[in-house]
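Coordinates in review
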Amino acid sequence: RRKQLEHRVEEVRFIADCLEHITAGDARVPLPEHLAGGKMINRLDMDQLSAVGHSFGASTCITACKQDERFKACVGHDAWLFPLAGEMMQATL
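Okay, so let's go over this structure.

Parameters at a glance
Residues numbered from 1 in each chain as written. Predicted model: local features only at pLDDT ≥ 70, side-chain atom pairs only at ≥ 80, totals over all residues. Heavy atoms only, no water. Core = buried A, V, L, I, M, F, W, Y, C linked by side-chain atoms within 4.5 Å. Buried < 20%, exposed > 50% of the residue type's maximum accessible area, 1.4 Å probe, protein only. Helix = DSSP H or I, 4+ residues; strand = E, 2+ residues; numbered from the N terminus. Contact = heavy atoms within 4.5 Å.

1. Side note on the nonpolar core
Counting 11 residues, the largest nonpolar core consists of Leu-5, Val-9, Ala-16, Met-46, Leu-49, Ala-51, Phe-56, Cys-61, Ala-64, Cys-65 and Phe-71. Elements supplying a minimum of two residues to this core: helix 1 (2-24) and helix 2 (56-67). In terms of residue count, helix 2 provides more of this core than any other element does, 4 residues in total. Dropping the residues within four chain positions of it, Met-46 is found in contact with Ala-16, Leu-19, Glu-20, Thr-23 and Arg-70.

Spelled out as structure tokens, the structure:
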């Protein structure tokens, strides 16, 4: 399951990248018509980015928050801790 966890963390970090591009007005991220045209520029507060997950998703967000300093808060509901590395269990975020 470690490989799956790593893949999911990559996906979460990719979404954070996309959110940064969206709030910067970067056209590389396609948006639905009602959000296009610069309507999202500076609308997201990336200084308060957080991740929330349940079970395996909790392990995903805990790992993503530990690896990526853009995440300022992490909520893990009923975390399934088995896939986390041992050092992660003792770490602080």
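2. Topic: unusual backbone geometry
Positive phi outside glycine occurs at Asn-42, with the angle close to 60°. If you trace the backbone, Asn-42 turns up in the loop between helix 1 and strand 1 (50-54). Asn-42 gets classed as exposed once you look at its relative accessible area, which sits at 67%. Its identity is not glycine, yet Ser-55 carries a phi of approximately 60°, on the positive side. Among the secondary structure elements, Ser-55 is positioned in the loop between strand 1 and helix 2.

3. Some remarks on the environment of Leu-49
Checked against the element boundaries, Leu-49 lands in the loop between helix 1 and strand 1. Along the primary structure Leu-49 and Lys-72 are separated by 23 residues, whereas in three dimensions their C-alpha atoms are 5.7 Å apart. For Leu-49, the residues in contact, after removing those within four places along its chain, are Ala-16, Leu-19, Arg-70, Phe-71, Lys-72 and Ala-73.

Coordinates in, geometry out; function isn't part of it.
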